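# Descriptive analysis of the structure
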Amino acid sequence: MKETVVVEPAVLTEAGVSLELARSRADRLRGIHYTLQFDIPADEQVPIESSATISFELASNHAGLQLDFRQDPASIHSLNVNGTVTDIVFENEHIVLPASLLRQGHNEVALSFVAGDSSLNRNPDFLYTLFVPDRARTAFPLFDQPDLKARYELTLVIPAQWRALANAPLVQTNERGDGRTEHRFAPTEPISSYLFSFVTGEFSSITRQVQGRPMTMLHRETDAAKVARNVDAIFEQHAQSLAWLEDYTGIDYPFEKFDFVLIPDFPYGGMEHVGAIQYRAAALLLDADPPLTDRLRRAQLIAHETAHMWFGNLVTMQWFDDVWTKEVFANFMADKIVNPVFPEVDHELNFLVSHYPPAYAVDRSQGANPIRQALPNLNQAGQLYGSIIYHKAPIMMRQLELIVGEEGLRAGLGDYLEQFSFGNATWPDLIEILDARIDIDLAAWSDVWVNTSGRPHFRVVSSNAQEPAPPLLGQEDPAGMGRSWPQQFDVLILSAAGVDSATLLTGQAETSMPPGIVAQGQNEWLLSADGRGYGLFPAGMDALPAWDRLEPVQKGVALLTDYDNVLAGSVLDIETYFLSLLAIAQRELDPLLLKHVLGQMPYVYHSLLSDAQRDALVTATEESLWTTVVSQPDTSLTKLVFRHYSELAASPGAVQRLFEIWSGKLAVDRLVLEEEDQIRLAEILAIRLPKQSPAIIARQLASIDNPDRRRRLEFVAPSLSANQAIRDAFFASLGDAANRHTENWVSDAVANLHHPSRLAQSEKYVLPGLRLLEEIQVTGDIFFPTDWLEATLMNHKSESAARTVRQFLAQRPDYNPQLRMKILQQADRLFRAAALNDV
Ligand SMILES: [Zn+2]
């Protein structure tokens, strides 16, 4: 029997989770406990029957209470509030629990329903949940906001041959006699809803005890040798990260267990679900003899996700406007954690090449966003993610560490973790803790760095023509708002007499450059030579002639500064710059610098050089890079350079060379290609050799052992086709969200459509690609809108493509401001190239 209840008008409902709703629920609710059961069939098409019992303490029952559930209300079978079966009142993605059935104090709500599939990532023989930032509410009804931490008690009923992993330990399994097994997990500690997670399916499992800690890894890799050669490092780096974090924070690992799972084509590098981290399999399972840069990136990723157990999981942002705080701490800690593991690496250089290029890419664009942004509704939280929070924030944090001191920051973070354990905090909470430790006004400092976008432009001016005084260094605010970014960094001076350096503090007033810089032309200088400054710095030296006199981090800064000035359109000649990149690649053996140089090449080569310049340089470029490939001293660097060579190679001779390598006719010393390399080579060849395209793909498909990799190539194959009608049909199919299921595959395929050799045919996809963006933001995971835009725009350079983007935005004055910024960020390189090509 059901009782009909009138809903009190006081309950305001709005789609998503508004800040207002979140604040009112945070005031009223305590002690939330979810008991959840999902009955998962093997067939990914069959619905998942589910139940939830939600208990909580309520401060007052003066109004109804909203549960978040972004699904068709027809998927809810029953609702029981405090023992009374009741009709379902469903408004704007919310189940409204009537005040008349709620009580002050303890309440219990029970529901049975079909779980929503959209964030369960169901595949033929596995699934994984990915609920960040507000997608738990697509799967089951809950209070989906980060500051309503709750205990989750999970039961999964799954096919008997499947494994399962969740946030808490498995406490019991029951064979049900119908080929299905029930897995019951312990209740979690209090955790935020975006951190609740489970994975189940056909996985292999490896359990190890490392430094006294048991850890389990699930994976689906079929190449046993690949697993065997990576597994030690994966377990050890997790254990090392945990030990480091316990020491740094003074807080033992705060959760009951620690496991991780490797997922093929996982859309992020990793996601820090409490006690059950998810990783993109390829990020952890490296090739034989991997480049140092890959090993370093893996270690940083593991350290990043592990650091989240304290920064993000133990202490969580109150609202997603501060999502950047968990990311900055995870990245900042990761840099510190990997430091002692790689004594051979110049960590200042690594910080520079990891963080500065992506941060500058956004901050030099017209779509730059501040680190901290207002967030009126959680359904827009995914839009806050991007290079600014991952890369500019650590740069800012290092400047903050220079002010507060290493020990001061560590002690302040310790207080912060202690004070807000298993709770939530805001950025101002931390600034208040740190502010008490120093003299300067940290709130004002934070205001420029954190709450506003952009970066200063530095300029060097003569001080006084009458006297031989050193010049002055000043900051300009390119936005004309008169801001200055307080910061400190070193300047390097090279002269015939030797090398000198000095530390500069810059802010509001102009700063005197060191006396060593006197007469123009007699010396050269490099600003931010220690790689700590942030802004557009004038180029004070030519990198190539000075190269051998520079330390590794100084080389990185010189390249970064030159590239920045090339893009700013100042001084440097592009062809000369490109030739210097080729020359540096030939002589530079540091893997980080080599990768940095190679990373700058494609855009300069394909987009900034004129067609005539590039045509004249094709042979010289290919042969120079090939010489660089074959002259590398070891297999890891050989492959690093080869990957870049194969993407750039376009002449018949170079493509023929690639074909012979791919087909096994040509063996190259120290070049060892694994299945993923073979597949990428096949894709490149399918584009470069249109007549042989179907045969190349068919042959590659026939030789793939791994089912996940075969499915991927089958998916991207039409994007490689020489037949324009097939590519058109494929692009049109992406208009249906069901065909964008595995987002990595889609990004790869879209990049193939917009390959540099096919721009004339693919420009017509730019406008419909932009039109799809709003829908992609709604249906896709958090990084997908950016990935989609990048794949769409990265190679285009024509004035007409630039005009398409500008008109799209001009015709939509009310367009979502976050998406507008993302478009402007990703179109920055197109706009710059188009302006050059238009001259
Ligand atoms: Zn993170």
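Residues numbered from 1 in each chain as written. Predicted model: local features only at pLDDT ≥ 70, side-chain atom pairs only at ≥ 80, totals over all residues. Heavy atoms only, no water.

So, on to the overall build of the protein chain. When helices and strands are tallied, the protein chain shows 30 helices and 28 strands. Computed over the C-alpha atoms, the radius of gyration of the protein chain is 28 Å, within 12% of the 28 Å expected from 2.2 N^0.38 for a compact globule of 839 residues. With respect to the principal axes defined by its C-alpha atoms, the protein chain has extents near 90 × 70 × 60 Å. Buried positions account for 59% of the 839 residues belonging to the protein chain. Sequence-distant contacts, at least 24 apart, represent 73% of the contacts inside the protein chain between residues at least 6 apart. Here the protein chain contributes 69 positively and 108 negatively charged side chains, and the mean placements of these two sets differ by 5 Å. (Helix = DSSP H or I, 4+ residues; strand = E, 2+ residues; numbered from the N terminus. Rg over C-alpha atoms; globule rule 2.2 N^0.38 Å. Buried < 20%, exposed > 50% of the residue type's maximum accessible area, 1.4 Å probe, protein only. Contact = heavy atoms within 4.5 Å. Lys, Arg positive; Asp, Glu negative; His and termini not counted. Charge placed at Lys NZ, Arg CZ, Asp CG, Glu CD.)

Our next topic: the packing of aromatic side chains. Enumeration over the complete set of coordinates arrives at 49 aromatic pairs. Centroid distance Y194 to F320: 5.3 Å. Interplanar angle 70 degrees. Geometry classified as edge-to-face. Taken as a pair, Y194 in the loop between β14 (180-185) and β15 (198-201) and F320 in the loop between β21 (315-317) and α6 (323-338) lie far apart in primary sequence, 126 residues in all. Y194 gets classed as buried once you look at its relative accessible area, which sits at 1%. Through a chain of ring-to-ring contacts, three or more aromatic side chains come together here, namely F126, Y128, F203, F266, Y268, Y385, Y390 and F783. The cationic tip of R699 hangs over the ring face of W662; the distance from NZ or CZ to the ring centre is 4.9 Å. Taking the ring centre of F831 as reference, the NZ or CZ of R806 above it sits at 4.2 Å. (Phe/Tyr/Trp six-rings, centres within 6.5 Å; stacked < 30°, edge-to-face > 60°. Lys NZ or Arg CZ within 6 Å of the ring centre and 35° of its normal.)

This part takes up the sheet that holds strand β7 (residues 94-97). Taking strand neighbours across the sheet as the criterion, the 3 strands line up as β3-β7-β6 in an open arrangement whose pairing is antiparallel. Each having just a single partner strand, β3 (65-68) and β6 (90-91) make up the two edges of the open sheet. Looking at chain direction, β6 and β7 are connected through 2 bridges and run antiparallel. Looking at the pairing, E91 lines up with H94 of β7. (Pairing = 2+ DSSP bridges.)

So, about the coordination of the zinc ion. Coordination of the zinc ion by the protein is provided by H304 (NE2), H308 (NE2) and E327 (OE), with metal-donor distances spanning 2.0 to 2.1 Å. Each donor residue of the zinc ion lies on one chain, and together they are spaced H-x3-H-x18-E. Within this pair, whereas H304 is found in helix α5 (residues 292-307), its partner E327 is found in helix α6, the two being separated by 23 residues in sequence. On the accessibility criterion, E327 (2% relative accessible area) is buried. (Donors = N, O, S within 2.8 Å, 3.2 Å for Na, K, Ca; no water.)

As a further point, take the sheet that holds strand β24 (residues 472-476). Spatially, β23-β24-β27 is the arrangement adopted by the 3 strands of the open sheet, whose pairing is antiparallel. Sheet topology places β23 (457-461) and β27 (511-512) at the edges, where each strand pairs with a single neighbour. Bridge count between β23 and β24: 5 bridges; the pairing is antiparallel. From the neighbouring strand, V461 faces β24, where its bridge partner is L472.

Backbone torsion omega between V132 and P133 reads -5 degrees, so that peptide bond is classified as cis. For P133, the location among the structural elements is in the loop between β10 (126-128) and α2 (136-139). With a phi close to 50 degrees, N82 is a non-glycine residue in the positive phi region. Assignment of secondary structure puts N82 in the loop between β4 (76-81) and β5 (84-85). Taking the relative accessible area as the measure of exposure, N82 reaches 15% and is therefore buried.

We now examine the environment of V341. With respect to the helices, strands and loops of the structure, V341 is situated in the loop between α6 and α7 (347-363). Its relative accessible area of 33% is what places V341 among the partly exposed residues. A sequence separation of 210 residues divides V341 from E551, and the C-alpha atoms of the two residues are 21 Å apart.

Looking at where R740 falls in the secondary structure, it is placed in the loop between α22 (724-733) and α23 (743-753). Separated by 2.8 Å, the side chains of R740 and E775 make a polar contact. In contact with R740, other than residues within four places in its own chain, are L734, G735, V746, L772, E775, I776, T779 and F784. (Polar contact = N/O pair within 3.5 Å; in protein donor to acceptor, adjacent residues only side chain to side chain.)

Attention now moves to the packing of helix α17 (residues 635-648) against helix α18 (residues 652-662). Between α17 and α18, the shortest axis-to-axis distance is 10 Å and the interhelical angle comes to 130 degrees. Relative to α18, α17 is oriented oblique. Note on packing geometry: the crossing formed by α17 with α18 is left-handed. Along its contact with α17, which presents F642, Y645 and S646, the element α18 presents A654, R657, L658 and I661. Split into classes, the residues belonging to the contact of α17 with α18 amount to 5 nonpolar, 1 polar and 1 charged. (Axes fitted to C-alpha atoms, helices over the stretch in contact; angles between N-to-C directions. Parallel < 35°, antiparallel > 145°, perpendicular 65-115°, else oblique. Left-handed = near helix turned anticlockwise from the far one by under 90°. Nonpolar A, V, L, I, M, F, W, Y, C, P; charged D, E, K, R; others polar.)

In this section: helix α1 (residues 19-28). Every buried residue belonging to α1 is among L21, A22, R25, A26 and R28, and all of these are buried. Projected down its long axis, α1 shows its buried positions confined to an angular sector of 165 degrees, all on one face. Turned more than 90 degrees from where α1 packs its buried face, E20 and D27 sit exposed. If you follow the buried residues of α1, they end up packed against β1 (29-39), β2 (49-58), β3 and β7. (Arc of directions from axis to C-beta.)

Where β1 and β2 come together, 9 bridges link them in antiparallel fashion. Bridge assignment links H33 to a residue of β2, and that residue is S55. Inspection of the sheet shows β2 paired to strand β8 (residues 105-114) by 10 bridges, in the antiparallel sense. Each residue of the ladder has a partner; that of L58, found in β8, is G105.

Below, the discussion takes up the domain arrangement of the protein chain. Per the domain assignment, the segments of the protein chain are domain 1 (1-202), domain 2 (311-451) and domain 3 (549-837). Between the C-alpha centres of domain 1 and domain 2 the distance comes to 32 Å. Residue-level contacts link 22 residues of domain 1 with 21 residues of domain 2. Taken together, both faces of the contact between domain 1 and domain 2 bury some 1,500 Å²; the carbon and sulfur share is 59%. For the domain 1 face of the interface with domain 2, the top three residues by lost area are P133, P146 and K149, together amounting to 33%. Summed over the shared surface of domain 1 and domain 2, the result is 0 salt bridges. Across the contact surface, domain 1 and domain 2 share 11 residue pairs in polar contact (both at pLDDT 80 or more). Considering each element in turn, the side of domain 1 that touches domain 2 owes the most residues, 3 residues, to α1. (Domains from an automatic or database assignment. Buried area = accessible area lost by both parts, 1.4 Å probe. Salt bridge = Lys/Arg side-chain N within 4 Å of Asp/Glu carboxyl O.)

Our focus in this paragraph is the pattern of salt bridges. Taken as a whole, this structure holds 53 salt bridges when the rule is applied. For R614, the salt bridge is made with D611, and the minimal N-O distance between the two is 2.5 Å. Residue R614 and its partner D611 are both found in helix α16 (residues 611-630); the two are separated by 3 residues, about one turn of the helix. A relative accessible area of 10% means that R614 is categorised as buried. Between E675 and R709 there is a salt bridge whose closest N-O contact spans 2.8 Å. Of the two residues, E675 is situated in helix α19 (residues 675-688) and R709 in helix α21 (residues 707-720); the sequence distance between them amounts to 34 residues. Residues participating in the shared-partner salt-bridge network are D287, D294, R297, K639, R643 and D677.

Turning our attention to the confidence of the model for the protein chain. On average, the protein chain scores 93 in pLDDT, and the residues at 70 or more come to 97%. With pLDDT under 50 throughout, residues 1-9 is counted as low confidence; its partners more than four residues away or in other chains account for 19 contacts. (pLDDT = per-residue confidence, 0-100.)

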